[in-house]
Amino acid sequence: MSDNTEKSNRGISGQENLKELIESLFDKDYIVSYVEDYRDGYKGFDEKQFFFQYRIEFANHECWLLHSTTSIRSDRMNIQQWNAEHLKRLNGYIKKAFVVYPNGLPEKEAKIAKSYQRKLADARAYSAVDGVFCQSEMYARVEKYALELMGSKGKALASRGVNFEKWIVEILNNQDNYSKWKNENDIQTGYMYDVYRGFMESMELKRSQVVGIVATNDIPKLPTGGQPKTDILVTVDTYEGEFVFTYSCKKTSKDWVSAHEYSAEQFIDTLQIMEEELASAIIEFQQCGSIERMQKSSVEAMEYRMIAYNDQLNKWVLGGNGGSGNPSTQWAQYLVTYNDNTSEITISSIDEYLETVRKRGYSGNFGTMFKWTYPSGGLGKKIQLKMRIE
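Residues numbered from 1 in each chain as written. Predicted model: local features only at pLDDT ≥ 70, side-chain atom pairs only at ≥ 80, totals over all residues. Heavy atoms only, no water.

Draft legend 1. Layout of the pattern of salt bridges. The tally for this structure, following the rule as stated, stands at 14 salt bridges. Through salt bridges with shared partners, a single network forms among Glu143, Lys251 and Asp340. (Salt bridge = Lys/Arg side-chain N within 4 Å of Asp/Glu carboxyl O.)

Structure (C-alpha cells):
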C-alpha cells in the first residue's frame, strides 16, 4: 500500500471516529442536532463553496463547526481557517470552529498539533479556528458547555456521572479500537484510542489470546437495593477461557469526591466492630455530622481505634469488598478517575491507588484516608466518606 493510500485511509478512519464522537454527544442530549458535510456560500456565487465536515447545534441554537484531521500542516490549516472565517460570516449561529485529531497520534504529529493549539491559545496569530484538540478534549468541551446550558446543578451532575460510564463503555466496545489493538493496525485511528489502550494495559491482556471484549455499565443493584461499586464490567473472551474485570468510575473537577454512603450500623456490621466505645462513637458521628459537634472522648475513640480497621475500610469503600453483592461482578478491582480540569484519565488497581495515597501523604479524618461527612439530606441517617482524586 502506497504512503498516499495509507494517509487517505487513516484520514477516512479519523473522520468516521469523529462521527462516532458526535453521535455519542447527540445520544446523551448534549447537542440537539448535527449536520454532516456542512456547506454554505454567498448569494450569487457557489453556494457550497465553504466546507466543514460537521456542524453541531446546542439547545440554545448556538452552533460549532468540527473538522477531523490526522495531520496538522500549515497549508491544510489555512484551508480550515478560510472555511471557518466565511462559514461564521454566513451563519450567525456559528460561534466556534475546531479541528479535531485522533487520540493516540504518533508523538511527532501530536507534538505539532499541540504546538499549533498553543499558538492559538497565546493569540500569536489571527485565527477563525478556535482550537485544535484531540477527540477526548473536544468531547469534554462540548460536554462542559452542554452541562452549563442545563442550568440545574443537580441535573448536570447526574448526567455527567452516568454519561461518563456510557462513554467508557462506548470506547471499550468500539470495534475499530479492538481491531487497531489486536492487529497493531496503524491505519485505523480508533475512537479515544489512548483511553482504550490504557484499559488493555490495566488488564494485562495478551493480544494473541484475546478473541473478544465486551463492556457494560448495566450492573444490577445490590441485594440491599444499593448501588454496587462496579460501574463498568468488562468480559474478555480468550482461548484460555473467559475473564471478568470490574471498574469503579469517578469524574470530577474537585480534589475530593463522594465515595461511600452507608448508615453507622452498616459500618459497624461490615467492619465487624465489637468495641462498644468505637461503635458508639460512629453512631454519634452520624447524629452530629461533623467532628466539631462530637464529644471529645468520642473523637479520641475514633482517632485511636479506627486505624485498626483501615485495611478493611479502604477495600470496602473503594471496591465493595466485604459488603453485600457478588464479589466477581459487583466488587470493583480498579478505579477510573477523570479530572474535568485537565481532561486526564487515570486507571489503577485498588492497591495501586492506595499506594499512591500513602506515598503522597493524603490524609482524611480519624486516622483514615477519607474525609467524613454526611450526604445532602442524610444527617442522622447516613455517613458519607470522600476520597482524594488526582
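Here the narrative resumes.
Draft legend 2. Here's a closer look at the sheet that holds strand β12 (residues 371–373). The strand order across the open sheet built from three strands is β9-β13-β12, with neighbouring strands paired in antiparallel fashion. On the outer flanks of this sheet lie β9 (256–262) and β12, each paired with one strand and no other. Recorded for the sheet is a direction-independent mean angle of 30 degrees between the axes of neighbouring strands. Its contacts with the sheet put helix α11 (residues 310–319) on β9, β12 and β13 (383–388), and the angle it makes with β9 is roughly 100 degrees. (Pairing = 2+ DSSP bridges. Helix = DSSP H or I, 4+ residues; strand = E, 2+ residues; numbered from the N terminus. Axes fitted to C-alpha atoms, helices over the stretch in contact; angles between N-to-C directions. Contact = heavy atoms within 4.5 Å.)

Draft legend 3. Layout of the packing of helix α6 (residues 175–183) against helix α7 (residues 193–203). Between α6 and α7, the least distance of the axes is 10 Å, while the angle of their chain directions is 60 degrees. It follows from the interaxial angle that α6 and α7 lie oblique. α6 and α7 meet at a crossing whose hand is right-handed. Together, Asn177, Tyr178, Lys180 and Trp181 of α6 and Tyr193, Tyr196 and Met200 of α7 make up the contact between the two elements. Class assignment for the residues of the contact of α6 with α7 results in five nonpolar, one polar and one charged. (Parallel < 35°, antiparallel > 145°, perpendicular 65-115°, else oblique. Left-handed = near helix turned anticlockwise from the far one by under 90°. Nonpolar A, V, L, I, M, F, W, Y, C, P; charged D, E, K, R; others polar.)

Draft legend 4. Quick look at the nonpolar core. Membership of the largest hydrophobic core comes to 50 residues, with the highest contact counts inside it found for Trp167, Ile213 and Val234. Ranked by residue count, the leading element in this core is helix α4 (residues 135–150), at seven residues. Of all hydrophobic cores here, the second largest spans 38 residues; its members include Phe267, Ile268, Met369 and Met387. (Core = buried A, V, L, I, M, F, W, Y, C linked by side-chain atoms within 4.5 Å. Buried < 20%, exposed > 50% of the residue type's maximum accessible area, 1.4 Å probe, protein only.)

Draft legend 5. Expanded view of the packing of aromatic side chains. For the coordinates displayed, the defined rule picks out 22 aromatic pairs. Aromatic pair Phe366 and Trp372: ring centres 5.3 Å apart, planes at 85 degrees, arrangement edge-to-face. What links up through ring pairs into an aromatic cluster is the set Tyr262, Phe267, Phe285, Trp316, Phe366 and Trp372. A cation sits over an aromatic face here: Lys180 above Tyr193, 5.1 Å from the ring centre. In this arrangement the basic side chain of Arg388 is found over the ring face of Tyr362, its NZ or CZ atom lying 4.4 Å from the centre. (Phe/Tyr/Trp six-rings, centres within 6.5 Å; stacked < 30°, edge-to-face > 60°. Lys NZ or Arg CZ within 6 Å of the ring centre and 35° of its normal.)

Draft legend 6. Quick look at the pairing of strand β5 (residues 131–134). Side-chain alternation along β5 places Gly131 and Phe133 on one buried face and Val132 and Cys134 on a second face that is also buried. Judged from the four bridges that link them, strand β4 (residues 94–101) and β5 form a sheet pairing that is parallel. The partner of Val100 across the bridge, within β5, is Phe133.

Draft legend 7. Expanded view of the sheet that holds strand β1 (residues 33–40). With respect to topology, five strands assemble into an open sheet ordered β1-β2-β3-β4-β5, the strand pairing being mixed. The open sheet terminates on both sides in strands that have one partner only, identified here as β1 and β5. Within the sheet, the average angular offset between the axes of one strand and its neighbour, ignoring direction, is 35 degrees. In this sheet, strand β3 (residues 63–68) lies alongside strand β2 (residues 50–57) in antiparallel orientation, the contact comprising four bridges. Following the sheet pairing, Tyr54 is matched in β3 by Leu66. Sheet strands touched by helix α2 (residues 74–90): β1, β2, β3, β4 and β5. Its angle to β2, the strand with the most contacts, is close to 60 degrees. Lying on the sheet, α4 is in contact with β2, β3, β4 and β5; it crosses β5 at an angle near 110 degrees.

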